[in-house]
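Here is how the chains run, residue by residue.
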Amino acid sequence: MIFHVLTIFPEFFQGPFEHGVIRRGREAGALEVRIHNLRDFTFDRHKTVDDRPFGGGEGMLMKAEPVFLAVESIFPEPQPGRRTVLLSAQGRLFDQAVANELSGLSELLLICGRYEGVDERVAEHLADGELSIGNYVLSGGELAAAVVIDAVARLLPGVLGNESSAVFESFQEAGHSGGVLDCPQYTRPAEFRGWKVPEILLSGNHEEIRRWRRQAALEKTARLRPDLLQS
C-alpha cells in the first residue's frame with residue numbers, strides 16, 4: 001500500500017516513519033510512504049499557500065489552487081483503490097472501523113490542513129472525505145496523518161511480526177458498536193511487589209484462559225469505555 005502525505009512541513013515526518021512498525025513495513029516492502037511538499041505547487045517567489053478568508057475572520061486559510069494542483073499531480077486520474085482524504089477537525093471520527101476500511105486501499109492520499117482551515121472547495125470538490133482523529137483542534141494535520149498511517153499500516157499483511165496480533169487488539173472485535181478493549185496482559189515476574197498474575201494465566205489450560213480473557217476484556221471495557229458496549 002502507498003501512503004501519500006501532502007504537507008507544508010515535509011521534514012515533520014523524518015522522525016515518525018523511521019521507527020517501529022512503519023519502518024519495518026517499509027523495509028519489508030509492505031508499504032511505502034511518499035511525502036509531498038505543498039509549496040512545490042505554488043508559483044510566487046514566497047511559495048504562498050494561504051490567504052485571508054472572504055467575509056473577514058480570524059487567521060488565514062489554505063488556498064484551493066495549490067492543493068488541487070498537488071492532488072491532481074499525485075493522482076492524475078481516478079482509479080479504483082485510491083482515496084484522497086482531508087484531515088480536518090470537522091471530519092468523520094477516525095476509529096478502528098475506518099482503519100480497517102482504509103487498509104483495503106492500494107493508495108491513500110492524506111491532505112494536512114493548517115492555519116484556520118482549508119478553502120471549502122477542497123472538501124467539496126477534491127477530497128473523497130474528511131477525517132478527524134478526535135474531538136479537539138490540532139495546529140495542523142501532520143500529527144493526524146502520522147496517527148492514521150500507523151493505525152492502518154499495522155493492519156497490512158507483512159507489517160507486524162505476528163499477523164494475528166492486530167486481530168485481537170482493542171476495538172477489533174465485531175459485535176459491538178466500537179468493539180471491546182483488549183484484555184489485561186501480564187509478563188514475568190509472576191509476582192511483583194505483592195501483585196500476582198491471575199492464576200488462570202499460569203495454568204496452561206488454553207480454553208479456560210480464552211474464557212478468562214474474554215470476560216476480563218468485557219469487564220475492562222465496562223469500567224473504562226462503557227460507551228463501546230452500547231450497541
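Residues numbered from 1 in each chain as written. Predicted model: local features only at pLDDT ≥ 70, side-chain atom pairs only at ≥ 80, totals over all residues. Heavy atoms only, no water.

Colleague: Sorry if this is basic, but what is going on with the sheet that holds strand 1 (residues 2-7) here?
Modeller: Backbone hydrogen bonds hold the strands of a sheet together, and the pairing may be parallel or antiparallel. Here we have five strands laid out as an open sheet, ordered 2-1-6-5-7, and parallel in their pairing. Each edge of the open sheet carries a strand with a single partner, namely strand 2 (32-37) and strand 7 (129-132). Each strand of the sheet is rotated relative to its neighbour by a mean of 30°, with strand direction disregarded. Judged from the five bridges that link them, strand 5 (residues 82-93) and strand 7 form a sheet pairing that is parallel. From the neighbouring strand, R92 faces strand 7, where its bridge partner is L131. (Pairing = 2+ DSSP bridges. Helix = DSSP H or I, 4+ residues; strand = E, 2+ residues; numbered from the N terminus. Axes fitted to C-alpha atoms, helices over the stretch in contact; angles between N-to-C directions.)

Colleague: How should I be thinking about a nonpolar patch on the surface in this particular structure?
Modeller: Taken together, the side chains of Y136, L138 and L143 define a hydrophobic patch exposed on the protein surface, amounting to about 280 Å² of accessible area. A residue is classified by how much of its surface remains accessible, and L143, at 48% relative accessible area, is partly exposed. (Patch = residues over 30% accessible without salt bridge, like charges linked within 9 Å, V, L, I, M, F, W, Y side chains within 5 Å. Areas by Shrake-Rupley, 256 points an atom, 1.4 Å probe, with all protein chains shown as cover. Salt bridge = Lys/Arg side-chain N within 4 Å of Asp/Glu carboxyl O. Buried < 20%, exposed > 50% of the residue type's maximum accessible area, 1.4 Å probe, protein only.)

Colleague: Just to check I follow, could you spell out the packing of aromatic side chains for this structure?
Modeller: Any two aromatic rings considered together are summarised by their centre-to-centre distance and by the angle between their planes. Going through the model one piece at a time under the given rule, you end up with three aromatic pairs. Aromatic side chains F12 and F13 sit 5.0 Å apart centroid to centroid with 75° between the ring planes, which places their arrangement in the edge-to-face category. Arranged with centres 5.4 Å apart and planes meeting at 15°, the rings of F13 and F17 form a pair that is stacked. You can call F13 buried: its relative accessible area is 3%. Members of the aromatic cluster, connected to one another through ring pairs, are F12, F13 and F17. (Phe/Tyr/Trp six-rings, centres within 6.5 Å; stacked < 30°, edge-to-face > 60°.)

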